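What the coordinates show
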Amino acid sequence: VQLQASGGGLVQDGGSLRLSCAASETIFRLDPMDWYRQAPGKQRELVARISSDSSPYYIDSVKGRFTISRDSAKNTVYLQMNRLNPEDTAVYYCKVVASLGKSTYDYWGQGTQVTVSS
């Protein structure tokens, strides 16, 4: 499974961006689909998760500002980011768990830079 992330960029404090992560056509079931981020000097952290069997998950710092969604027909996961602030500056990565029968595999996208200027 190949993941192609896009949508990052430079925005001002309070601005918005929409990230997309498209998975290649696959016979695997892709679930859950996640967005992580890694800021300079910090560990990678899970930002949001969407899965078929639970409500979307968000870390506290983005609740009410970010929305994760998916288009299963397109194997694509989105992250709508509103009211961005400089603390959101990071490289954002998508990750999916691909499963087929009892086998599961983690796949990561290449990362997309989000920079929020104050």
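Here, the structure is the one placed above.
Anyway, here's the lowdown on the structure attached to this text.

What counts and what doesn't
- Residues numbered from 1 in each chain as written.
- Predicted model: local features only at pLDDT ≥ 70, side-chain atom pairs only at ≥ 80, totals over all residues.
- Heavy atoms only, no water.
- Pairing = 2+ DSSP bridges.
- Helix = DSSP H or I, 4+ residues; strand = E, 2+ residues; numbered from the N terminus.
- Axes fitted to C-alpha atoms, helices over the stretch in contact; angles between N-to-C directions.
- Buried < 20%, exposed > 50% of the residue type's maximum accessible area, 1.4 Å probe, protein only.
- Contact = heavy atoms within 4.5 Å.
- Polar contact = N/O pair within 3.5 Å; in protein donor to acceptor, adjacent residues only side chain to side chain.
- Phe/Tyr/Trp six-rings, centres within 6.5 Å; stacked < 30°, edge-to-face > 60°.
- Lys NZ or Arg CZ within 6 Å of the ring centre and 35° of its normal.

1. Description of the sheet that holds strand β7 (residues 66–71)
Each strand in a sheet pairs with another by means of backbone hydrogen bonds, the pair being arranged parallel or else antiparallel. One open sheet holds the four strands; their spatial order is β1-β3-β8-β7, and the pairing between them is antiparallel. The open sheet has two free edges, formed respectively by β1 (3–6) and β7, since each of these has just one partner strand. With direction set aside, neighbouring strand axes in the sheet form an average angle of 15°. Summarising the sheet, β1 and strand β3 (residues 17–23) pair through four bridges and their orientation is antiparallel. Along β3, the bridge assignment pairs Gln 4 with Ala 22.

2. Considerations on the pairing of strand β5 (residues 45–51)
With five of its seven residues buried, β5 lies for the most part within the structure. With five bridges joining them, strand β4 (residues 29–38) and β5 adopt antiparallel strand pairing. Its bridge partner being in β5, Tyr 36 is matched across the sheet by Leu 46. Connecting the antiparallel pair β4 and β5 is a turn made up of six residues, with Gly 41 showing a positive phi of about 75°. Counted along the chain from β5 to the antiparallel partner strand β6 (residues 54–58), the turn is two residues long.

3. Quick notes on the environment of Ser 16
Mapped onto the secondary structure, Ser 16 falls in the loop between β2 (9–12) and β3. Judged by its relative accessible area of 40%, Ser 16 falls in the partly exposed class. Remark: the alpha-carbon pair of Ser 16 and Asn 85, spanning 69 residues in sequence, is separated by 9.6 Å. Leave out the neighbours within four places in its chain, and Ser 16 touches Val 11, Gln 80, Met 81, Asn 82, Arg 83 and Leu 84. A polar atom in the side chain of Ser 16 sits 3.0 Å from the side chain of Asn 82.

4. Considering the pairing of strand β10 (residues 103–108)
When strand β9 (residues 90–100) meets β10, the two strands line up antiparallel, connected through six bridges. Residue Val 97 lies in a different strand from β10, and its bridge partner there is Asp 106. Remark: two residues form the turn of the hairpin made by β9 and β10, two consecutive strands paired antiparallel; Gly 101 in that turn has positive phi of roughly 65°.

5. Some words on the packing of aromatic side chains
The description of two aromatic rings rests on the distance between their centres and on the angle between their planes. Under the defined criterion, the tally for this structure stands at three aromatic pairs. Note on Phe 28 and Tyr 105: the rings are 5.7 Å apart at their centroids and 85° apart in plane angle, and the pair reads as edge-to-face. Of this pair, Phe 28 sits in the loop between β3 and β4 while Tyr 105 sits in strand β10, and the two are 77 residues apart along the sequence. On the basis of relative accessibility, which here comes to 22%, the residue Phe 28 falls in the partly exposed class. An angle of 80° between the planes, with centres 6.4 Å apart, marks the rings of Tyr 93 and Trp 108 as edge-to-face. On the criterion of sequence distance, the pair formed by Tyr 93 in strand β9 and Trp 108 in strand β10 is long-range, its members being 15 residues apart. Lying across the ring of Tyr 78, Arg 18 places its NZ or CZ 4.0 Å from the centre. Taking NZ or CZ as reference, Arg 44 lies 4.7 Å from the ring centre of Trp 108, over its face.

By themselves these figures say nothing about function.
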